[in-house]
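Geometric and topological summary
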Amino acid sequence: RLVHLDLKGAAPRAQYLEQVLPLLRALGATGLLLEYEDTFPYTGPLELLQAPHAYSPEELQALLSWARAQGLDVVPLLPFPLQFVLKHRQFAHLREVKELPNALNPHKEESLALVKAMIDQVMALHEDLQWFHIGCDEVYYLGEGEESKQWLQQQNNTPEKLCLSHIKAVATCLAWSYPMVTPIVWDDMLRGMSEETLAESGVPQLVQPMIWDYATDINVEGKVQLIEKYRRCGFSKVWFASAFKGATGANQSLTLIGHHLRNQLEWLQVAQRSPADVLEGIALTGWQRYDHFAVLCELLPVAIPSLAVCLQALKNGGYSEKVKENVENLLGMPNLEIETFMSPSLGTFPGSSVFTLVTQISFHLKSSVDELLERNRYSTGWFSPYHRKRKIIHPIIVHHFQPDAVRLFSKWNAVVQDLEAAMEQVFHRCAIEEWMEENVHPHLQKLQEVVDDLDEA
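Residues numbered from 1 in each chain as written. Predicted model: local features only at pLDDT ≥ 70, side-chain atom pairs only at ≥ 80, totals over all residues. Heavy atoms only, no water.

Overview of a negative patch on the surface
Worth spelling out the cut-off: Like-charged residues are merged into a patch within 9 Å and nonpolar side chains (Val, Leu, Ile, Met, Phe, Trp, Tyr) within 5 Å, provided each residue has over 30% relative accessible area and no salt bridge. Areas reported as accessible are Shrake-Rupley estimates using a 1.4 Å probe. Residue values count occlusion only from the protein chains shown. Any Lys or Arg side-chain nitrogen found within 4 Å of a carboxyl oxygen on Asp or Glu counts as a salt bridge. Charge convention: Lys and Arg are scored as positive, Asp and Glu as negative, and His as well as the terminal groups of each chain are ignored. In plain terms, the charge of a residue is placed at NZ if it is Lys, CZ if Arg, CG if Asp and CD if Glu. The numbering of helices and of strands both runs from the N terminus, where a helix is a DSSP run of H or I of at least 4 residues and a strand a run of E of at least 2. Each residue is assigned to one of three classes by its accessible area relative to the maximum for its type, calculated with a 1.4 Å probe on protein chains only: buried under 20%, partly exposed between the two thresholds, exposed over 50%.
A cluster of acidic side chains, namely E449, D452, D455 and E456, defines a negative patch on the protein surface. Within the secondary structure, D452 sits in helix α17 (residues 441–456). Given the relative accessible area of 33%, D452 is considered partly exposed.

Structure representation (structure tokens):
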């Protein structure tokens, strides 16, 4: 049971992860799937890939030793295709389609040299790895570059074969240098391929596919058949991938636990109907952005109650009143709500104050500002946009309306200051600024403007 930490947005400080790992272990995690992206401490020509908040080698080594101390396996994930690499001007010449940083050109020797250099640097910081996830999902635009178009015009060449040769090249790169490590790939590019195409490619002997589906109504029978197909093609083992957050909306700020719990229960059904020796494990994904260029979705502390419910359901083979009590005890959180968004109650888990304050803001900030500006009769009747533009107001209306506006502005300013202080314990400044600009500033700004307009009028 791998917990996926997607570090391409709002990457938590190393000290926060140190606090979280014992909780993950207690909840039933047995490993971490670490998607480093631009937070890995690359060196040499790759140093420019590092984000300003990337982990230092010392921080990363400490994190890996904390994981070992908790008995958690670590599986690194390098997300080929490499959006976070190909966005840089210095690597733009390796794009499949020159305008788009979506896929690596598979025909250039330098592309494979880049892949190898990245794998080598990640491997150098990890000990005793059993698996290495090489991504290979949603490789859009592969086959649309000029060299690929020429390759596809040759006899018997197809887009499927191009994709498989790319996967094979990356997996072989890993296998040659690190024969004890098994590559894992996302399976979405493989699903629609024929058994014959897959079997002939040689890919099934090299990798383990991770079948992902984050829905609440998985086609259980279809998944069972897909597993059987993969076995017939020669894949020795398969993985499942569910989700505990980051799968219900690109700009989602709160996690709907019920959705993610039902997703785990569906996967349990698939597991029950699959041969026992075929399933290697499950990764509970927690996407932080839908891709490298998207906005932030639910922050990790906000989704910990969902992760707790999902892990416990998988560990116990289902969800019951007893499992719910376990989760409540481990989180220090009475009255866990599954079917509605959690109300802002405080727990004792690391980052619970972030959970509480984000919940309060998500529930009430926008609605309270809208209430004041669009449904307050003094605002709509005597201090409309027309009045505000011309700074005219009846003096008595100031007495009726201004105290409410100032009070609301002061209240939310205080909440936001508390949240910033709580987030400082978990995130770097850039993540805090991004979340505030997306979720807080547009509404606070409206309030600030109406307070300023009242003063001037």
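Having seen the structure, we can now continue with the description.
Topic: the nonpolar core
Our working rule: Joining through side-chain atoms within 4.5 Å is the link that ties buried Ala, Val, Leu, Ile, Met, Phe, Trp, Tyr and Cys residues into a set, and such a set is a nonpolar core. These domain boundaries are the output of an automatic or database domain assignment. By definition, residues are in contact when any of their heavy atoms lie within 4.5 Å.
The biggest cluster of nonpolar side chains holds 143 residues, and the ones touching the most others in it are M118, F132 and W435. The biggest single contributor to this core is helix α15 (residues 395–424), with 12 residues. Residue contributions to this core reach at least three from each of two domains, namely domain 1 (2–331) and domain 2 (352–456). When near neighbours in sequence (up to four residues on either side) are disregarded, M118 contacts Y42, L46, L49, L78, L82, F84 and V85.

Some words on the domain arrangement of the chain
Interface size is commonly expressed as the accessible area that is lost once the parts come together. The condition that has to hold: By convention, the term buried area covers the 1.4 Å-probe accessible surface removed from two parts as they join, with the contributions of both added. Three categories are distinguished: nonpolar for Ala, Val, Leu, Ile, Met, Phe, Trp, Tyr, Cys and Pro, charged for Asp, Glu, Lys and Arg, and polar for the others, with Gly belonging to the last.
Examined at the domain level, the chain breaks down into domain 1 (2–331) and domain 2 (352–456). Spacing between the C-alpha centres of domain 1 and domain 2 amounts to 39 Å. On the side of domain 2, 18 residues touch domain 1, which itself brings 15 residues to the contact. For the pair domain 1 and domain 2, the two sides together bury roughly 1,600 Å², of which 67% comes from carbon and sulfur. For the domain 1 face of the interface with domain 2, the top three residues by lost area are R13, L254 and L299, together amounting to 35%. Put simply, domain 1 and domain 2 have 2 salt bridges between them. Between R13 and E424 there is a salt bridge, and its shortest N-O distance comes to 3.5 Å. Per-element accounting of the side of domain 1 that touches domain 2 gives the leading share, 3 residues, to helix α10 (residues 300–316). Residues that form the side of domain 1 that touches domain 2 fall into these classes: 11 nonpolar, 2 polar and 2 charged.

Re the environment of C173
Assignment of secondary structure puts C173 in helix α6 (residues 159–177). Residue classification places C173 among the buried residues on the basis of a relative accessible area of 10%. It is 15 Å that separates the C-alpha atoms of C173 and P204, two residues lying 31 residues apart in sequence. Here C173 is in contact with L112, V115 and K116, once residues within four sequence places are set aside.

Quick word on the packing of helix α4 (residues 109–124) against α6
Going by this rule: Helix axes use the C-alpha atoms of the stretch in contact, all axes being lines fitted to C-alpha atoms, and the angles between their N-to-C directions lie in the range 0 to 180 degrees. Each angle gets one of four labels, with under 35 degrees taken as roughly parallel, over 145 as roughly antiparallel, 65 to 115 as roughly perpendicular, and the rest as oblique. Crossing handedness is defined as follows: a turn of the near helix away from the far one that is anticlockwise and smaller than a right angle gives a left-handed crossing, while the clockwise case is right-handed.
Where α4 contacts α6, the axes come no closer than 10 Å and their chain directions differ by 45°. With respect to α6, the axis of α4 lies oblique. α6 is crossed by α4, and the crossing has right-handed handedness. Together, L112, V115, K116 and I119 of α4 and A169, V170, C173, L174 and S177 of α6 make up the contact between the two elements.

What to know about the pattern of salt bridges
Enumeration over the complete set of coordinates arrives at 22 salt bridges. Ionic pairing is found between R232 and E195, a salt bridge with its closest N-O pair at 2.6 Å. In this pair, R232 is assigned in helix α8 (residues 220–233) and E195 in helix α7 (residues 195–201), connecting sequence segments 37 residues apart. Looking at R232, the relative accessible area reads 53%, which means it is exposed. Overall, E195 belongs to the partly exposed group, its relative accessible area being 33%. Salt-bridge contacts for R429 lead to E433; the nearest nitrogen and oxygen are separated by 3.7 Å. Of this pair, R429 and E433 both sit in helix α16 (residues 429–439), 4 residues apart, roughly one helical turn. Assessed through its relative accessible area of 33%, R429 is described here as partly exposed. Three or more residues are tied together by salt bridges with common partners; here these are R13, E420, E424, R429 and E433.

Points about the packing of aromatic side chains
For clarity, the threshold we go by: Each aromatic pair joins two rings of Phe, Tyr and Trp (for Trp, the six-membered one) with centres within 6.5 Å, and gets the label stacked for planes under 30 degrees apart, edge-to-face for over 60, and tilted for any other angle.
A full pass over the atoms with the stated rule returns 10 aromatic pairs. Centroid distance W131 to W239: 5.1 Å. Interplanar angle 90°. Geometry classified as edge-to-face. Here the residue W131 occupies a position in strand β4 (residues 131–135), and W239 occupies one in strand β7 (residues 238–245), the gap between them amounting to 108 residues. Across the pair, exposure class does not vary: W131 and W239 are buried alike.

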